[in-house]
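Descriptive analysis of the structure
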Amino acid sequence: YEELIDEARLTALTLLDRAEDLTSPTLRLGITGLSRSGKTVFTTALIHALTRGGRLPVFRAMHEGRIAGATLEPQPDDNVPRFDYEGHLSALVDERRWPESTRRISELRLAIDYAPARGGRRALTLDIVDYPGEWLLDLPLLDRSYADFAADSLRLARDPARRDLAAPFLAALADTDPEAPADEALARRLAELFTDYLAACRAEAVAMSLLPPGRFLMPGDLEGSPALTFAPIDLSGDGDPPAGSLAAMMQRRYESYKDRIVRPFFRDHFARLDRQIVLIDVLAALNAGPAALSDLEAALDGILAAFRVGRNSWLGALFRHRIGRVLFAATKADHLHHTSHDPLEAILRRLVERALSRAEGAGAQIDVVALAAVRATREAQVRRGRVHLPAIVGVPEAGQYGADEFDGLAEAAVFPGDLPENPSALFDPSLGFKGLSDAQGGDFRFLRFRPPVVERNGEGQALPLPHIRLDRALEFLIGDRLR
Ligand code: GDP
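Please read all numbers here as calculations on a predicted model, not as lab measurements.

1. Focus on the overall build of the protein
In terms of helices and strands, the protein carries 14 helices and 12 strands. Counting all 483 residues of the protein, 43% fall into the buried class. Within the protein, residue pairs in contact and separated by at least 24 positions form 77% of the contacts whose partners lie at least 6 positions apart.

Here it is in structure tokens:
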């Protein structure tokens, strides 16, 4: 019944969207990725590039001078927060610090005034929707019962890789009788311990992705709300837990998490996207080693699963027609020498292809790119004895490594090491992933750099931000709609 209502609602929304697209062409672009992958920085840089231009040779409409202007407009959805573009840009260019990361969904509308190649004048409305990638990983919960969810989660928590991090939660669970009367304080305590365990897995890089429920790590505005106050507990027997018991309370809250939070997000936001960019911190995974790479691959599987939402599921056929293009982007490429940009892209391509080969066709056009939305470094040759080594130079952020070793340094040079030319070097056919050899450089991001100095025009506005391959991303994501 609920699914029918959802389907009707989604149909209505889709028809409205299409009608809007006919009268005034509109494109909904989703920007996602796991926490710290670079969504806020990318979204800010993208809006800046569209509104202020820049060196974007591959973005044809801009390069050919056919974009007359792009302006910020009031967004269409009143109940979604606005992406704080001005605040984020000011952090980047005025304070030279990285902006606050994405913690919830936000939206911004741009009106792009352009001249099609065949002449005349047109407008394209671009709705940008920035949301945490963690939320996508909740999709599989929609057709899983509480009993299944609890069994899966507890199996993972008891896995040797995670058992230690889960110890406080598992200990509390061992003291809990699922059939005892429902108790709010106890439910809250278990939910907290379970959330701490998920956060610890993330922090220790034991797992970055397979940690549903997604809202436990990225609650958005729902922190502390009852729909998030549940945890997996062992259920005895097959039937429903006895009425009034703790287990029944957990089960009810899990169902309301699905109905009130997960489903509306997919129906009202995700299912209406036309284009999507998925940002991935591939360098962080490479640094963290083979386990993190396998985990990243599992996350990609999960994300692709969201894009090919099953035929017989409630998002069904409508959605399958909708999303036209998906771009997977490895971010922070400015931590590498440019000779490693193509290899980084090749590694990501291999990861995505492996995930695609397991998926039944995603039905969308897919591409990959290695980029830096805001380039914080420049390249230099540094002499070591008689050899000149390619280096990356930037201003280190203060407060790294506890010691103030890098504080106040005007610039520091790092030798980032090379990524393997051929991504196969990372993929062992029988064992999965191999680590990078030490010869290739152990750590590609050991230093965090401050955002670059940005020049200003006569009116004090920031001139275009330096970037790497942002124009390629723009061309793939919206270029065809500006021809
Ligand atoms: P979000 O959680 O996905 O919104 O991630 P952010 O956009 O806040 O980025 C997280 C952090 O990654 C930032 O604070 C920066 O330190 C770093 N970062 C993101 N994009 C870039 C980039 O293009 N270049 C560099 N050097 N660092 C970046």
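2. Quick word on the sheet that holds strand β1 (residues 26-33)
Backbone hydrogen bonds hold the strands of a sheet together, and the pairing may be parallel or antiparallel. Read across the open sheet, the 7 strands follow the order β2-β3-β4-β1-β5-β6-β7; overall the sheet is mixed. Since the sheet does not close on itself, it has two edges, and those belong to β2 (67-73) and β7 (365-370), each with one partner. For this sheet, the mean inter-axis angle between neighbouring strands, taken without regard to orientation, is 20°. The pairing of strand β3 (residues 106-114) with strand β4 (residues 122-130) spans 9 bridges and is classified as antiparallel. Within β4, the position partnered with Arg109 by the bridge is Asp127. Strand contacts of helix α14 (residues 470-478): β1, β4, β5 (275-280), β6 (325-330) and β7, with the helix running at about 165° to β6, the strand carrying the most contacts.

3. A word on the sheet that holds strand β8 (residues 378-384)
If you walk across this open sheet you meet the 3 strands as β8-β9-β10, and the pairing is antiparallel. Both outer strands of the open sheet, β8 and β10 (412-414), are each paired with one neighbouring strand and no more. Strand-to-strand twist of the sheet, defined as the mean angle between neighbouring strand axes without regard to direction, takes the value 50°. The sheet contact formed by β8 and strand β9 (residues 387-394) spans 7 bridges and is antiparallel. Opposite Arg378, over in β9, you have Val393 as the bridge partner.

4. Points about the pairing of β4
In terms of strand pairing, β1 meets β4 through 6 bridges, oriented parallel. Looking across to β4, one finds that Leu27 is bridged to Leu126.

5. As for the site of the ligand
Around the ligand, 20 residues are found, and the nearest of them are Gly38, Lys39, Thr40, Trp98 and Ser101. Top element by residues in the shell around the ligand is helix α2 (residues 39-52). It accounts for 3 residues. Considered class by class, the residues forming the shell around the ligand number 7 nonpolar, 8 polar and 5 charged.

6. A word on the nonpolar core
Formed by 130 residues in total, the largest nonpolar core has its most connected members in Met250, Ala329, Leu348, Leu371 and Ala473. With 10 residues, helix α9 (residues 246-268) is the single largest residue contributor to this core. With near-sequence residues (within four places) excluded, Ala473 lies in contact with Ile277, Leu327, Ala329, Val369 and Leu371.

7. What to know about the packing of helix α11 (residues 290-307) against helix α13 (residues 341-358)
When two helices pack together, their arrangement is given by the angle between their axes and by how far apart the axes lie. For the pair α11 and α13, interaxial distance at closest approach is 9 Å and the crossing angle is 50°. In terms of orientation, α11 lies oblique with respect to α13. By crossing handedness, the relation of α11 to α13 is classed as right-handed. Seen from α11, the contacting residues are Leu296, Glu297, Leu300, Asp301 and Leu304; seen from α13, they are Leu351, Val352, Arg354, Ala355, Leu356 and Arg358. Here the contact of α11 with α13 is composed, by residue class, of 7 nonpolar, no polar and 4 charged.

8. Focus on the packing of helix α6 (residues 160-174) against helix α7 (residues 184-203)
Two elements in contact, α6 and α7, have axes whose closest approach is 9 Å; the angle formed by their N-to-C orientations is 180°. Considered as vectors, α6 and α7 are oriented roughly antiparallel to each other. Contact residues: α6 offers Arg162, Leu165, Ala166, Pro168, Phe169, Ala172 and Leu173, while α7 offers Arg189, Leu190, Leu193, Phe194, Tyr197, Ala200 and Cys201. When the residues that make up the contact of α6 with α7 are grouped by side-chain class, the tally is 12 nonpolar, no polar and 2 charged.

9. Overview of helix α1 (residues 2-23)
Note that an α-helix has 3.6 residues per turn; residues three or four places apart therefore point the same way. A rise of 1.5 Å per residue sets the reference length of α1, with its 22 residues, at 32 Å; its end C-alpha atoms lie 32 Å apart and thus fit the reference within 8%. For α1, a buried count of 2 out of 22 residues is recorded, marking the element as mostly open to its surroundings.

10. Considering the pairing of β5
Burial of β5 is extensive: 6 of the 6 residues sit out of reach of the surface. Bridge count between β1 and β5: 5 bridges; the pairing is parallel. Paired with Thr32 across the two strands is Val278, which belongs to β5. In terms of strand pairing, β5 meets β6 through 6 bridges, oriented parallel. Note on β6: the bridge partner recorded for Leu279 is Ala329.

11. A closer look at unusual backbone geometry
For Lys332, which is not a glycine, the phi torsion comes out positive at approximately 60°. The residue Lys332 is located in the loop between β6 and α13 in this model. Of note in the backbone geometry, Arg469 takes a positive phi value of approximately 60° without being a glycine. Structurally, Arg469 is set in the loop between β12 (432-433) and α14.

12. A closer look at the environment of Thr125
Note on placement: Thr125 falls in strand β4. Once the C-alpha coordinates of Thr125 and Ala182 are considered, the two residues, 57 residues apart in sequence, prove to be 50 Å apart. Setting aside chain neighbours within four positions, we find Thr125 in contact with Ser24, Pro25, Thr26, Arg109 and Ala111.

13. Looking at α7
Between the first and last C-alpha of α7 there are 28 Å, a value that for 20 residues agrees with the 28 Å anticipated at 1.5 Å per step. Buried positions along α7 lie against α5 (146-157), α6, α8 (214-217) and α9.

14. Observations regarding the environment of Arg66
Relative to the helices and strands, Arg66 resides in the loop between α3 (60-63) and β2. Of the residues examined, Arg66 has 17 C-beta atoms within 10 Å and is grouped as partly exposed. Once the C-alpha coordinates of Arg66 and Glu7 are considered, the two residues, 59 residues apart in sequence, prove to be 40 Å apart.

Here is what the cut-offs are and how they apply
- Residues numbered from 1 in each chain as written.
- Predicted model: local features only at pLDDT ≥ 70, side-chain atom pairs only at ≥ 80, totals over all residues.
- Helix = DSSP H or I, 4+ residues; strand = E, 2+ residues; numbered from the N terminus.
- Buried ≥ 20, exposed ≤ 12 C-beta atoms within 10 Å, placed from the backbone.
- Contact = placed C-beta atoms within 7 Å.
- Pairing = 2+ DSSP bridges.
- Axes fitted to C-alpha atoms, helices over the stretch in contact; angles between N-to-C directions.
- Near = placed C-beta within 6 Å.
- Nonpolar A, V, L, I, M, F, W, Y, C, P; charged D, E, K, R; others polar.
- Core = buried A, V, L, I, M, F, W, Y, C linked by C-beta atoms within 7 Å.
- Parallel < 35°, antiparallel > 145°, perpendicular 65-115°, else oblique.
- Left-handed = near helix turned anticlockwise from the far one by under 90°.
- Expected span 1.5 Å × (residues − 1).

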